[in-house]
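Letter by letter, the chains look like this.
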Amino acid sequence: MPINLKPTDVVIVGMGAAGGVAALPLAQAGVKVIGLEAGTWLTTRDFAPDELRNNYRAWPHSVQKANREVPTHRPNASAPYSPRPAFHPMMNGVGGTTLHYWAQSWRLSPWDFKVVSETTRRYGASRIPAGSTVEDWPFGIEEIERYYDIVEHELGVSGKAGNIDGKIDRRGNIFEAARRREYPMPPLRWTDWHEKMAAAARKLGWNPFPGPAAINSRSYDSRPGCAYHGFCARGGCHVNAKGSTAVTTIPKAQKTGNLDIVTEAHVTQVNIDGNGRVTGVTYLKGTEEYFQPASVVLLGMYTYENVRTLLLSKSKAFPNGLANNRGQVGRHYMTHATGGGVQALFTENLNNWYGLPAQGVAVDEFAADNFDHSSVDFIGGGNLFVYSDRRPIGAASMNTFGKAPQWGSAWKAFVKQNADRWHGAYMQKTTLPYEDNYLDLDPTVKDPLGFPVCRITADFKDNERKAATYAADKMEQWYRAAGATDIVRNPLGTMGPSTHAYGGTRMGDNPASNVVNRWGITHEVPNLGILGASVMGTSGSHNPTLTVQALAWRTAEYLVKNWAVVSR
Ligand SMILES: Cc1cc2nc3c(=O)[nH]c(=O)nc-3n(C[C@H](O)[C@H](O)[C@H](O)COP(=O)(O)OP(=O)(O)OC[C@H]3O[C@@H](n4cnc5c(N)ncnc54)[C@H](O)[C@@H]3O)c2cc1C
Ligand code: SF4
């Protein structure tokens, strides 16, 4: 029998990007919150600039939950399984994956919220790809703008605004929706490499601008500015310049006295009563099992675990998994199309040994609906992003551009000369949800506790492949304008376990096709909320986390304002 604990107002499962943000407005409003986190606290001493450990050996070694439950994948229901990765880079720790993420902190484009209505208005309904289950979000970007603004200031985001109250500034992103004010800090600095790429973009008539980053460009909120030494792409920041929730919103919430965090608490079940209301959660800490009662439960365990935990939480009232009586849990799954990369070789050193991947030049001309799609046969697009950050193993693993063999002295000589002369772009492309792309429980593969892992059945469709080719063409054009002599293009790949996984508990007003309502509360269980990109109905062509965090704040604020109704 589990040990029964004292009841609390809200339990948040997962103290990561989403849970770590939601805790703050709740705690500030006087709501008693318990944060259950599978990982531990990590400190700056844990964040060694060690490429081998961080990037190749699935750091950290202390908590390996994500690595023990890597989802399986098959491109479609009758295809064989893809090889299962040995590990998954999501983090288990207080702060979650914001501890070691790249920290690009993008707002979505206005079109991403209104894909169906805006595409239909501009090009006709026939342009929505066949088989796509895409819906408009239940609100437009203007609804979420206030929350973007709040989290940018709570976490500390560096950047340059391109549109303040409709006034366009070409030093920022001229395609962004109107924002109410400037970023809290100026952008991370540029090097000669960034200037070279920005000049090439301008030559092409494009508008390059610095990508936004949750990394201090100067001291902010008692944390220092970035020192640009790098090694923090999959590594934490040892001076706390990165705005992980572990050093921003979580400590602020703890200071109120209303947030208690239990680490190494592995939640296995969300419990309900006979009326279909959540009563709390069951978790394991070591070999002991506990039941934590709560008036409201918020799941913020990342997309795969949000879905898996709901599907595993079966009961008489919910025989197919919690909040799943309409069969929507696991549906409308997407991952960003970030494959199909373009690499370029230059004739001179780029001096990229210093820096970090959120320190970059972005081009948004080809993202979302920022260009006229009348003459192309796809919708959506891609954000083009070039950045600094070069590490020894990664550099030496370079493509030889057909100019040298893959081994031996000729290879060594080539790498010695060119290790700092190549670059690979990061391109995030629109992915849409489709009827046959979904998550469920794997029938045979289990985690060490004996629970089935999540199974992904998904592949990119024609629209994603065409958008990816288009973005790669533009990227090649950009590199060549900057003087690249050789280009290599990689295949797009398929939709295996991803760090940008969306859907599975989609947000929408219609309970027949969505798991959570516009506030992030499940349609079927009135005191259960979901945090994270699992609620997002479109991916957009920019990183997810700032949107995830803005939505988390919004859900928490809704709870505070409607406490009597939701917690009753
Ligand atoms: C290397 C890397 C780079 C990235 N770079 C960027 C970027 O530049 N910009 C961007 O926007 N996004 C980036 N991402 C993605 C970003 O990290 C995620 O979008 C974000 O962290 C998701 O937030 P989340 O709260 O849903 O999950 P997480 O931040 O992963 O938090 C989930 C938390 O839940 C805990 N948990 C899971 N299961 C349980 C359980 N059963 N019981 C208790 N606790 C549990 C986990 O331990 C974890 O702490 C990157 C990801 C990686 C891996
Ligand atoms: S480069 Fe900046 S964000 Fe990265 S570890 Fe150094 S100070 Fe921290």
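See the structure printed just above.
Draft legend 1. Expanded view of the sheet that holds strand β17 (residues 426-429). In space, the four strands of this open sheet follow the order β7-β14-β15-β17, with antiparallel pairing throughout. Here the strands that pair on one side only, and so sit at the sheet edges, are β7 (209-210) and β17. Both β7 and strand β14 (residues 360-363) contribute to a ladder of two bridges, which runs antiparallel. Pairing of Pro 210 across the sheet is with Val 361, part of β14. Those strands touched by helix α7 (residues 192-203) are β14 and β15 (382-387), and its axis lies near 145° from that of β15.

Draft legend 2. How the structure looks around the pattern of salt bridges. One pass over the structure, following the stated rule, counts 37 salt bridges. One salt bridge connects Glu 348 with Lys 196, and the closest N-O pair in it is separated by 2.7 Å. Residue Glu 348 is located in the loop between β13 (342-345) and β14, and its partner Lys 196 is located in helix α7; the two are separated by 152 residues in the primary sequence. Given a relative accessible area of 26%, Lys 196 falls into the partly exposed group.

Draft legend 3. Expanded view of empty space enclosed by the protein. Under the counting rule described, the total for this entry stands at seven cavities of 30 Å³ or more. Here the largest cavity is characterised by a volume of approximately 120 Å³. Lining the largest cavity are 15 residues, and of these Trp 106, Arg 107, Asn 173, Glu 176 and Tyr 183 lie nearest its centre. Here the residues of the lining of the largest cavity sort into seven nonpolar, three polar and five charged.

Draft legend 4. Spotlight on the packing of aromatic side chains. All told, the structure shown has 19 aromatic pairs when counted by the stated rule. A ring pair is formed by Tyr 302 and Tyr 304, whose centres lie 5.6 Å apart and whose planes are at 80°; its orientation type is edge-to-face. Residue class for Tyr 304 comes out buried when judged on its relative accessible area of 3%. Each ring, one from Phe 385 and one from Tyr 387, has its centre 6.1 Å from the other, and the planes form 15°; the classification is stacked. Judged by relative accessible area, Tyr 387 falls into the buried class, the value being 13%. Members of the aromatic cluster, connected to one another through ring pairs, are Trp 206, Phe 366, Phe 371, Phe 378, Tyr 470 and Trp 478. Its guanidinium or amino end placed over the ring of Tyr 434, Lys 461 lies 5.8 Å from that ring's centre, counting from NZ or CZ.

Draft legend 5. Expanded view of the layout of surface pockets. In this model, the second largest pocket occupies a volume close to 340 Å³. Forming the boundary of the second largest pocket are 16 residues, of which Ala 38, Val 63, Lys 65, Arg 68 and His 266 lie nearest the centre. The residue inventory of the lining of the second largest pocket, partitioned by class, reads six nonpolar, four polar and six charged.

Draft legend 6. The arrangement of the nonpolar core in detail. Core analysis: the biggest nonpolar cluster contains 104 residues, and Ile 12, Leu 26, Ile 144, Leu 299 and Leu 528 have the highest contact counts within it. With nine residues, the top contributor of residues to this core is helix α13 (residues 545-561). Not counting residues up to four positions away in its chain, the partners in contact with Ile 12 are Gly 19, Ala 22, Ala 23, Leu 26, Val 33, Ile 34, Gly 35, Leu 36, Leu 298 and Leu 531.

Draft legend 7. Local environment of the site of ligand 1. Around ligand 1, 32 residues are found, and the nearest of them are Glu 37, Asn 92, Thr 97, Gln 104 and Thr 545. Contact between ligand 1 and Val 267: a nitrogen atom at 2.9 Å from a main-chain N or O atom of the residue. In the complex, the protein chains occlude 97% of the 990 Å² of accessible area that ligand 1 would expose alone. Residues of the shell around ligand 1, tallied by class, amount to 16 nonpolar, 13 polar and three charged.

Draft legend 8. Focus on the sheet that holds strand β18 (residues 438-446). Judged by pairing direction, the sheet is mixed, and its three strands sit side by side in the order β4-β19-β18 without closing on themselves. Single-partner strands in this sheet number two, and they are β4 (72-74) and β18. Sheet twist, expressed as the mean angle between neighbouring strand axes with direction ignored, is 35°. Bridge count for β4 against strand β19 (residues 452-457) is three bridges, and the pairing is parallel. Among the inter-strand pairings, His 73 is bridged to a residue of β19, identified as Ile 456. Contacts between helix α9 (residues 303-312) and the sheet are confined to β18 and β19, with β18 contributing the most and set at about 75° to the helix.

Draft legend 9. Molecular detail of the environment of Leu 449. Within the secondary structure, Leu 449 sits in the loop between β18 and β19. In this structure Leu 449 comes out as partly exposed when scored by relative accessible area, which is 41%. Counting along the chain gives 380 residues from Leu 449 to Glu 69, while the straight-line C-alpha distance between them is 9.9 Å. Here Leu 449 is in contact with His 266, Thr 268 and Leu 284, once residues within four sequence places are set aside.

Draft legend 10. View of a nonpolar patch on the surface. Taken together, the side chains of Leu 52, Tyr 56 and Ile 393 make up a nonpolar region of the molecular surface, amounting to roughly 240 Å² of accessible area. Along the polypeptide, Leu 52 turns up in helix α2 (residues 51-56).

Draft legend 11. Looking closely at the packing of α7 against helix α12 (residues 462-481). Relative to each other, α7 and α12 sit at 110°, their axes nearing to 8 Å. With respect to α12, the axis of α7 lies roughly perpendicular. The handedness of the crossing between α7 and α12 comes out as right-handed. Across the interface between the two elements, Trp 193, Met 197, Ala 200, Ala 201 and Lys 203 of α7 pack against Met 475, Trp 478, Tyr 479 and Ala 481 of α12. Counted by class, the contact of α7 with α12 contains eight nonpolar, no polar and one charged residues.

Thresholds, definitions, all that
- Residues numbered from 1 in each chain as written.
- Chains lettered and ligands numbered in written order.
- Predicted model: local features only at pLDDT ≥ 70, side-chain atom pairs only at ≥ 80, totals over all residues.
- Heavy atoms only, no water.
- Pairing = 2+ DSSP bridges.
- Helix = DSSP H or I, 4+ residues; strand = E, 2+ residues; numbered from the N terminus.
- Contact = heavy atoms within 4.5 Å.
- Axes fitted to C-alpha atoms, helices over the stretch in contact; angles between N-to-C directions.
- Salt bridge = Lys/Arg side-chain N within 4 Å of Asp/Glu carboxyl O.
- Buried < 20%, exposed > 50% of the residue type's maximum accessible area, 1.4 Å probe, protein only.
- 1 Å grid on protein atoms, 1.4 Å probe; cavity = no way out; pocket = protein on both sides within 12 Å on 5 of 7 lines; lining within 4 Å.
- Points joined across faces, edges and corners; volume = space filled by probe spheres on them.
- Nonpolar A, V, L, I, M, F, W, Y, C, P; charged D, E, K, R; others polar.
- Phe/Tyr/Trp six-rings, centres within 6.5 Å; stacked < 30°, edge-to-face > 60°.
- Lys NZ or Arg CZ within 6 Å of the ring centre and 35° of its normal.
- Core = buried A, V, L, I, M, F, W, Y, C linked by side-chain atoms within 4.5 Å.
- Near = heavy atom within 4 Å.
- Polar contact = N/O pair within 3.5 Å; in protein donor to acceptor, adjacent residues only side chain to side chain.
- Areas by Shrake-Rupley, 256 points an atom, 1.4 Å probe, with all protein chains shown as cover.
- Patch = residues over 30% accessible without salt bridge, like charges linked within 9 Å, V, L, I, M, F, W, Y side chains within 5 Å.
- Parallel < 35°, antiparallel > 145°, perpendicular 65-115°, else oblique.
- Left-handed = near helix turned anticlockwise from the far one by under 90°.

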